[in-house]
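Inside the fold
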Amino acid sequence: MVDIPKESAETTHHPRVAVVWSVLSAEIERFAAGTGARMNIIDVGGGSGGFAVPLAELGHEVTVVEPSANALASLRQRAADAGVTDRVTAVQADADELPDVVEPESADLVLCHSVLEVIDDPDIALDALSTSCAQGGAVSILVGNRIAAVLGKALMGHFSTALDLLVDVDGIIDGKDTIKRRFETATLTALIGASGLVTEQVHGVGVVGDLIPSTAVGVDAGSGEDLREFELATAARIPFRDMATQIHLLARKPIRPRE
Ligand SMILES: C[S@@+](CC[C@H](N)C(=O)[O-])C[C@H]1O[C@@H](n2cnc3c(N)ncnc32)[C@H](O)[C@@H]1O
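All of these numbers come straight from a predicted model, not from anything done at the bench.

So, the packing of aromatic side chains
Each aromatic ring pair is characterised by the separation of its centres together with the angle its planes make. One pass over the full model with this rule turns up two aromatic pairs. With 5.2 Å between their ring centres and 20° between their planes, Trp 21 and Phe 51 make a pair best called stacked. One end of the pair, Trp 21, is in helix H1 (residues 18-33); the other, Phe 51, is in the loop between strand E1 (40-44) and helix H2 (52-57), and 30 residues separate them in sequence. Comparing Trp 21 with Phe 51, the two get one shared label, buried. Taking the centre distance of 6.4 Å and the plane angle of 80° together, the rings of Phe 230 and Phe 240 count as edge-to-face. Residue Phe 230 is found in helix H10 (residues 225-234), and its partner Phe 240 is found in helix H11 (residues 240-243); the two are separated by ten residues along the sequence.

Listed below in C-alpha cells is the structure:
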C-alpha cells in the first residue's frame, strides 16, 4: 500500500475527490517518467466529463464510453467550454460493449468511477475494462462502500435499515435503493483479481466527508483545506479506509512475458 504524499495531492478539486486525483496524478507522473507524456485514457461511464475534461486539459487523449445521450451532450459542452474538444472523444455505448468500440490493449489508463454499482454485470464490465487496458497500464475503480452505508444509517438512528444493509447480499436496501450493489474492500479486490488485474492501491474516499453536516466543514475547515488534509491522511489507513463512503482502487494489467 502506498501512502499518498501530501505535496502531490491535487488541490484544485473538491476535498472529497482529492484522494482520487492524488492517485491519478501519481499514475500520470509514473507514465511520464516511462513511456511518454500523453496518455491514452478511456473513461467508462464517464458521464458529463467530471474526470475526463480535467484529464484532457492536462494534455491527455480521453475517450468517454457512456450510454446516456444527455450525459454525452453535457460532456461535449464541457469539453468545448474548456477548449479541449480535440482531445475528448465521446462514444455512446455500455461498458460491456467496450471491446466493440475501442481497440484492445489501447489505453494507458482506464477509469470506471461510480459505475460498477449501477450496471447489470460487474464481472463482464471488468473483463471488458481489463481487455481495453494496455499491458502495464492502470485501471482506476471507484465504488460505493457497504460499510459506510451501514454506518450512515446507524448514525441517523435507522438501526433496522442499517442491519438490512449489513446482511443484504448486494449491500442495498431492497426496492428502495437507486443502485444495484455496494462493495467491500475484500469483495472488490477479489473481483478485480478475477479479471486478470493486480490491485496495487486501495484508498477510502470520503472517510468522514459525507457523515458530517456541511455546516461543520465551514466552521473549522475554512475553504475545506482541513477536510482535504484529513481525508488524505486517513485514506490509506485501516480502519478509516474501509469506512469511507467510496472505495478507490488502482489496479495494473500485468505485462505478459514474451514467448
Ligand atoms: C454516477 S454516474 C458517474 C459518472 C462519472 N463516472 C463520474 O464519476 O462523475 C454513473 C454513470 O454510469 C453510466 N452508466 C450507466 N449504465 C452504464 C453501463 N452499462 N455502462 C457504462 N456506463 C453506464 C451512467 O449513464 C452515468 O453517467
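Examining the pairing of strand E2 (residues 61-65)
For E2, the tally of buried residues reaches four of five residues, placing the bulk of the element in the interior. Where E1 and E2 come together, five bridges link them in parallel fashion. Its bridge partner lying in E2, Ile 42 is registered against Thr 63. Note on the crossover from E1 through H2 to E2: the handedness is right-handed. Pairing geometry for E2 and strand E3 (residues 88-91), over four bridges, is parallel. What sits directly across from Thr 63, in E3, is Thr 89.

Examining unusual backbone geometry
A cis geometry characterises the amide bond from Ile 238 onward to Pro 239, with omega recorded as 10°. By the element assignment, Pro 239 lies in the loop between H10 and H11. Unlike most non-glycine residues, Glu 105 shows phi in positive territory, near 55°. Tracing the sequence through the fold places Glu 105 in the loop between helix H4 (98-101) and strand E4 (107-113). Even without being glycine, Ser 114 reaches a positive phi, approximately 60°. Tracing the backbone shows Ser 114 in the loop between E4 and helix H5 (122-132). Classification of Ser 114 as partly exposed rests on a relative accessible area of 37%.

Quick look at the sheet that holds E3
Strands sit in the order E3-E2-E1-E4-E5-E7-E6 across an open sheet of seven strands; the sheet is mixed. Each having just a single partner strand, E3 and strand E6 (198-205) make up the two edges of the open sheet. Along the sheet, successive strands turn relative to each other by an average axial angle of 15°, direction set aside. Pairing analysis gives seven bridges linking strand E5 (residues 133-144) to strand E7 (residues 246-252), with the strands arranged antiparallel. Residue pairing across strands places Ile 141 opposite Leu 249, the latter belonging to E7. The strands touched by H5 are E1, E4 and E5; relative to E5, the strand with the most contacts, the crossing angle is about 145°.

Things to note about the site of the ligand
The environment of the ligand is made up of 13 residues, and the closest members are Gly 45, Glu 66, Pro 67, Ala 95 and His 113. The separation between a nitrogen atom of the ligand and a polar main-chain atom of Gly 45 is 2.7 Å. Here an oxygen atom of the ligand and a side-chain polar atom of Glu 66 are 2.5 Å apart. Isolated, the ligand exposes 590 Å² of accessible area, and the fraction of that covered by the protein chains is 69%. When grouped by side-chain class, the residues that make up the shell around the ligand number five nonpolar, six polar and two charged.

Here's the deal with the environment of Arg 181
Its location among the elements puts Arg 181 in the loop between helix H7 (159-167) and helix H8 (185-194). Judged by relative accessible area, which is 11%, Arg 181 ranks as buried. For the pair formed by Arg 181 and Ala 235, sequence separation is 54 residues and the distance between their alpha carbons is 22 Å. Dropping the residues within four chain positions of it, Arg 181 is found in contact with Leu 116, Glu 117, Val 118, Ile 119, Asp 120, Pro 122, Asp 170 and Ile 172. Engagement of the side chain of Arg 181 in a polar contact is seen with the backbone oxygen of Ile 119, the distance being 2.9 Å.

Rules and cut-offs
- Residues numbered from 1 in each chain as written.
- Predicted model: local features only at pLDDT ≥ 70, side-chain atom pairs only at ≥ 80, totals over all residues.
- Heavy atoms only, no water.
- Phe/Tyr/Trp six-rings, centres within 6.5 Å; stacked < 30°, edge-to-face > 60°.
- Helix = DSSP H or I, 4+ residues; strand = E, 2+ residues; numbered from the N terminus.
- Buried < 20%, exposed > 50% of the residue type's maximum accessible area, 1.4 Å probe, protein only.
- Pairing = 2+ DSSP bridges.
- Right-handed = clockwise from strand over helix to strand, strands pointing away.
- Axes fitted to C-alpha atoms, helices over the stretch in contact; angles between N-to-C directions.
- Contact = heavy atoms within 4.5 Å.
- Near = heavy atom within 4 Å.
- Polar contact = N/O pair within 3.5 Å; in protein donor to acceptor, adjacent residues only side chain to side chain.
- Areas by Shrake-Rupley, 256 points an atom, 1.4 Å probe, with all protein chains shown as cover.
- Nonpolar A, V, L, I, M, F, W, Y, C, P; charged D, E, K, R; others polar.

Coordinates in, geometry out; function isn't part of it.
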